[in-house]
Amino acid sequence: MKLLEVHILQTVAPSNLNRDDTGSPKDALFGGFRRARISSQAQKRAVRVAFKDWPLLSEEERAVRTKRLVEELLRRLEDVKEELARRAVENALNALGFGVKEGRTEYLFFLGNRELDALAQQIRENLEALSGEVKGKKKAEVPDELKKALERVLDGGKAVDLALFGRMLADRPELGKDAAAQVAHALSTHKVDREFDFYTAVDDLNPKEETGAGMMGDVEFYSATLYRYAVVDLEKLLENLQGDKELALKGALAFLEAFALTLPSGKQNSFAAHNPPLFVAFRAGEGMPRNLATAFERPIRPREDVPLSRLSAEALMEEWARFDRVYGPLSPEWKGALDLTEAQGDGLPRLGDLNALKEKVAEAVRALLEV
């Protein structure tokens, strides 16, 4: 397997970045101790938002996840009479097995913008065949050849986020895409205890003789040094991007930057926990992936004279070296780290800044994919 791994240590101030159904910050048991946790799904969502907002990828290189496929396709067919276009769009989506009810699909679908453009074009070219009226609960008849043509459009559209995170269609598994990236749940390197912030809000228009709060409540939070891990199967990424090596390189670098510099945005207006990573390391080459969370199976214990982040970085590098001794490094292998913790440890070259890290990763990906 040709892979790119990212290992991050990130200390966040008091925060509630990723909540459960009760509003409490997510956590997990690991090594017998309660740890702070940020879910894999929440981290991937933050990466996808960064792809768009920074921007790291153009619109045509991205996908959308939505139930509003009818609206998206009608927007691309705005020059066609609306009633005719809507009937054709709904018939096309029903033919693909994407059931439409009251203008929405039953499930969220993840489609590349190029796929949406091509699907709209197929509908435009086959308006007559797709414009049959639906009577009762029976779906309009769509010729088999046209169904196949519509299906061929759904090839991933060379959308980088779709290539990285995959697509699962329970009713149409043949149209799915296996994800090239795997993202672990972030865990604190130490045990945590939840804390509570009791707050009150004062009514600005209260008369002076009325005292007390207009409302009160509490919110849970914790602070933590988090270990975050992700791995990208570069060959699967290239396959999902239809062999486009330059786009695979661009996608790998975009993922590296977005994963390193983003977190979910929960309760940020209340906590403003905008804390960049203190340690970002990568490992690229051929071999098997290694999640190094076992470095923290025994929780890191605070010391007055050494920050938790530095103790965590030293434990991580020790585990890295221990696995290399037992199982061997990747072959060939590229590696390096940004380190703001001043951790003690050999074998992991330190790089000066994020651009230097990206250049080193680009060198590795080019060699592995023969770009």
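Structural data are supplied above this passage.
Parameters at a glance
- Residues numbered from 1 in each chain as written.
- Predicted model: local features only at pLDDT ≥ 70, side-chain atom pairs only at ≥ 80, totals over all residues.
- Heavy atoms only, no water.
- Helix = DSSP H or I, 4+ residues; strand = E, 2+ residues; numbered from the N terminus.
- Contact = heavy atoms within 4.5 Å.
- Areas by Shrake-Rupley, 256 points an atom, 1.4 Å probe, with all protein chains shown as cover.
- Lys, Arg positive; Asp, Glu negative; His and termini not counted.
- Charge placed at Lys NZ, Arg CZ, Asp CG, Glu CD.
- Salt bridge = Lys/Arg side-chain N within 4 Å of Asp/Glu carboxyl O.
- Buried < 20%, exposed > 50% of the residue type's maximum accessible area, 1.4 Å probe, protein only.
- Polar contact = N/O pair within 3.5 Å; in protein donor to acceptor, adjacent residues only side chain to side chain.
- Core = buried A, V, L, I, M, F, W, Y, C linked by side-chain atoms within 4.5 Å.

1. Focus: the overall build of the chain
Part 1 of the reasoning: Along the chain, the regular secondary structure elements total twelve helices and 13 strands.
Part 2 of the reasoning: Along the first, second and third principal axes, the C-alpha atoms of the chain reach 75 × 75 × 35 Å.
Part 3 of the reasoning: Long-range contacts, defined here as pairs at least 24 residues apart, represent 78% of the contacts in the chain between residues at least 6 apart.
Part 4 of the reasoning: Looking at the chain as shown, the accessible area adds up to about 19,100 Å², and 47% of this sits on carbon and sulfur atoms.
Part 5 of the reasoning: Both charge centroids of the chain, one from 55 positive and one from 62 negative side chains, sit 3 Å from each other.

2. Points about the pattern of salt bridges
Part 1 of the reasoning: This model, assessed by the stated rule, comprises 28 salt bridges.
Part 2 of the reasoning: With a shortest N-O distance of 3.0 Å, Arg 76 and Glu 72 are connected by a salt bridge. Highlighted residues: Arg 76 and Glu 72, both in helix H2 (residues 69–76), separated by four residues, approximately one helical turn.
Part 3 of the reasoning: For Arg 76, a relative accessible area of 16% corresponds to the buried category.
Part 4 of the reasoning: Note that Glu 333 is salt-bridged to Lys 335, the shortest N-O span being 3.8 Å.
Part 5 of the reasoning: Salt bridges linked by common partners bring Glu 5, Arg 283, Glu 333 and Lys 335 together as one network.

3. Re the side chain of Thr 262
Part 1 of the reasoning: Within the secondary structure layout, Thr 262 lies in the loop between helix H9 (245–261) and helix H10 (268–271).
Part 2 of the reasoning: Given the relative accessible area of 9%, Thr 262 is considered buried.
Part 3 of the reasoning: In this structure the side chain of Thr 262 is engaged in a polar contact, spanning 2.6 Å, whose partner is the backbone oxygen of Ala 258.
Part 4 of the reasoning: For Thr 262, the contacting residues outside a window of four places in its chain are Ala 46, Val 47, Ala 50, Trp 54 and Arg 228.

4. Comments concerning unusual backbone geometry
Part 1 of the reasoning: With omega at -15°, the peptide bond leading from Trp 54 into Pro 55 counts as cis.
Part 2 of the reasoning: One can find Pro 55 in the loop between helix H1 (40–53) and strand S4 (63–66).
Part 3 of the reasoning: The peptide bond linking Ser 331 to Pro 332 adopts the cis configuration, its omega dihedral lying at -5°.
Part 4 of the reasoning: Relative to the assigned elements, Pro 332 resides in the loop between helix H11 (308–327) and strand S13 (333–339).
Part 5 of the reasoning: The phi angle at Gln 242 is positive, at roughly 60°, despite the residue not being glycine.
Part 6 of the reasoning: Here Gln 242 shows up in the loop between helix H8 (234–240) and H9.
Part 7 of the reasoning: Positive phi values are uncommon outside glycine, yet Lys 267 reaches one of about 55°.
Part 8 of the reasoning: Here Lys 267 lies in the loop between H9 and H10.

5. Overview of the nonpolar core
Part 1 of the reasoning: Core analysis: the largest hydrophobic core is formed by 44 residues, its most contacted members being Phe 51, Leu 164, Leu 237 and Phe 255.
Part 2 of the reasoning: Take this core: its biggest share by element is eleven residues, from H9.
Part 3 of the reasoning: When sequence neighbours within four positions are dropped, the list of residues in contact with Phe 51 reads Leu 56, Leu 57, Arg 62, Asp 161, Leu 164, Ala 254, Phe 255 and Ala 258.
Part 4 of the reasoning: Listed in part, the 30 residues of the second largest apolar core include Leu 93, Ala 120, Val 153 and Leu 175.

6. Quick notes on the side chain of Ser 312
Part 1 of the reasoning: Here Ser 312 shows up in helix H11.
Part 2 of the reasoning: Its relative accessible area of 0% is what places Ser 312 among the buried residues.
Part 3 of the reasoning: Discounting chain neighbours no more than four positions away, the residues touching Ser 312 are Leu 9, Thr 189, Thr 225, Phe 296 and Ile 300.

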